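For reference, the chains in residue letters:
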Amino acid sequence: MAELPFPPGVNPADETRPYILGPKDKISILVFGDESLSMPLVQVNGGGQIDVPMVGEIEARGQTTTQVARAIETRLDAILKQPQVSVNIVEPLSQSVTV
């Protein structure tokens with residue numbers, strides 16, 4: 001079966017671009033091995049930061065979820081052995097889409 005072409009003006013490379021976090025986005029943070037540090041719902045504040053217990057403020061604005069996870073892991077290195085963190089988007093609110 002042949003693939004249909006993309007509509008005019010749609011770049012298929014854009015479809016794989018990671019989401020960039022901004023103020024008001026809602027995310028979840030999962031810390032593997034220590035669920036007490038996990039947070040099912042965190043909202044990026046108006047200044048673009050999130051406040052993570054035992055870690056402090058992390059800059060989220062302009063970052064991908066992977067970059068935020070790595071920043072949290074770096075700070076957790078002081079208290080956990082080889083921390084593994086996953087950050088996921090719960091509700092994207094910083095980027096409006098019009099149709």
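For clarity, every value in this text was computed on a predicted model and none was experimentally measured.

**A few points about the side chain of Glu73**
Right, on to step 1. Tracing the backbone through its elements, the reader meets Glu73 in helix H1 (residues 65-76).
Right, on to step 2. Those residues in contact with Glu73, other than ones at most four positions away along the chain, are Pro83, Gln84 and Val85.

**Some details on the sheet that holds strand E2 (residues 39-43)**
Right, on to step 1. Within the open sheet, the 3 strands sit side by side as E2-E1-E5. Their pairing is antiparallel. Edge strands, defined here as strands with exactly one partner in the open sheet, are E2 and strand E5 (84-91). Here the average twist between neighbouring strands, direction ignored, is 30°.
Right, on to step 2. Looking at chain direction, strand E1 (residues 26-32) and E2 are connected through 3 bridges and run antiparallel. Looking across to E2, one finds that Ile29 is bridged to Met39.
Right, on to step 3. This element, H1, spans E1 and E5 of the sheet and lies at about 140° to E5.

**Brief notes about the pairing of strand E3 (residues 49-52)**
Right, on to step 1. When E3 meets strand E4 (residues 56-59), the two strands line up antiparallel, connected through 4 bridges. When the bridges of E4 are listed, Gln49 appears paired with Glu59.
Right, on to step 2. Two successive antiparallel strands, E3 and E4, enclose a turn made up of 3 residues, where Met54 displays a positive phi of approximately 70°.

Each value, and the rule that gives it
Residues numbered from 1 in each chain as written. Predicted model: local features only at pLDDT ≥ 70, side-chain atom pairs only at ≥ 80, totals over all residues. Heavy atoms only, no water. Helix = DSSP H or I, 4+ residues; strand = E, 2+ residues; numbered from the N terminus. Contact = heavy atoms within 4.5 Å. Pairing = 2+ DSSP bridges. Axes fitted to C-alpha atoms, helices over the stretch in contact; angles between N-to-C directions.

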